[in-house]
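# Analysis of the macromolecular model
Take a look at the letters that make up each chain.
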Amino acid sequence: LLAVISMLTSLKEKEALIRKTNCLYHDAEYSEYDDRHNEIIAGEVDWWDGIGKRYLQNKNSFSLLDMGTGTGFVLRTLTKYLNEGNKVVAYDLSQSMLRQAKKNLDSIATNEHSFVCGDAENLPFPDDFFDIITTNAVLHHLPNYKRCLSQAKRILKSKGILIIAHEPNNKFFESYN
């Protein structure tokens, strides 16, 4: 794959191939993703629960976008802090991941979720739309994470909150030594 990417001439071609590869991978892994990535699922429930207590608990009406929702892990963890007045959107590049998220959330969520398929670097939402955007283990998959962050800034309300978690960094890789 790296050889194919290096042969491509334009940045747009490279980015398109990276998106397609990510989509194919996640479409193939959706049913086993949670089991294969226990470090994300089991390892971060308490952290996301703390986020729910800090930012969502006792807040009546807000809109939340879970960008790169995958199997819905973040929303499953936050669901006890959500109510019917909240507008919640699960957003992912992979249709299969979205179907898995819907299946996982339908069994536990009391509020209604929207499930939208799309690219995190080209968010189809109006400016100043969401109060909260969450993203977990997503940015390192994107060909241009800066474009994604720019889009997030655009659709986030002026006093909105962007919460980013589980992005590999030097500390993450040092833990494997």
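See the structure shown above.
As a starting point, this report considers the structure included with it. Everything quoted here is computed from the prediction, not taken from an experiment.

## A word on the nonpolar core
In terms of nonpolar packing, the biggest core is built from 23 residues, with Trp48, Leu56, Leu64 and Leu78 touching the most fellow members. The dominant element in this core, judged by the number of residues it contributes, is helix α6 (residues 73-78), at 4 residues. Discounting chain neighbours no more than four positions away, the residues touching leucine 56 are Ile51, Phe62, Leu64, Leu78, Tyr81, Leu82 and Ile132. Judged by nonpolar contacts, the second largest core, of 16 residues, contains Met67, Phe125, Phe130 and Leu156.

## Here we look at the pairing of strand β2 (residues 87-92)
Of all 6 residues making up β2, 5 are buried, and the element is well covered by its neighbours. Direction of pairing for strand β1 (residues 63-67) relative to β2: parallel, over a ladder of 5 bridges. Bridging from a neighbouring strand, leucine 64 pairs with valine 88 of β2. Handedness of the crossover joining β1 and β2 through α6: right-handed.

## Focus: the sheet that holds β1
If you walk across this open sheet you meet the 5 strands as β3-β2-β1-β4-β5, and the pairing is parallel. Single-partner strands in this sheet number two, and they are β3 (113-117) and β5 (156-165). On average, adjacent strands in this sheet sit at an angle of 20 degrees to one another, irrespective of strand direction. In terms of strand pairing, β2 meets β3 through 5 bridges, oriented parallel. Along β3, the bridge assignment pairs tyrosine 91 with valine 116. Strands β1, β4 (130-136) and β5 of the sheet are contacted by helix α5 (residues 45-56), whose axis makes an angle of about 165 degrees with β5. Running at roughly 140 degrees to β5, helix α8 (residues 145-155) makes contact with β1, β4 and β5 of the sheet.

Calculation rules
Residues numbered from 1 in each chain as written. Predicted model: local features only at pLDDT ≥ 70, side-chain atom pairs only at ≥ 80, totals over all residues. Heavy atoms only, no water. Core = buried A, V, L, I, M, F, W, Y, C linked by side-chain atoms within 4.5 Å. Buried < 20%, exposed > 50% of the residue type's maximum accessible area, 1.4 Å probe, protein only. Helix = DSSP H or I, 4+ residues; strand = E, 2+ residues; numbered from the N terminus. Contact = heavy atoms within 4.5 Å. Pairing = 2+ DSSP bridges. Right-handed = clockwise from strand over helix to strand, strands pointing away. Axes fitted to C-alpha atoms, helices over the stretch in contact; angles between N-to-C directions.

Coordinates in, geometry out; function isn't part of it.
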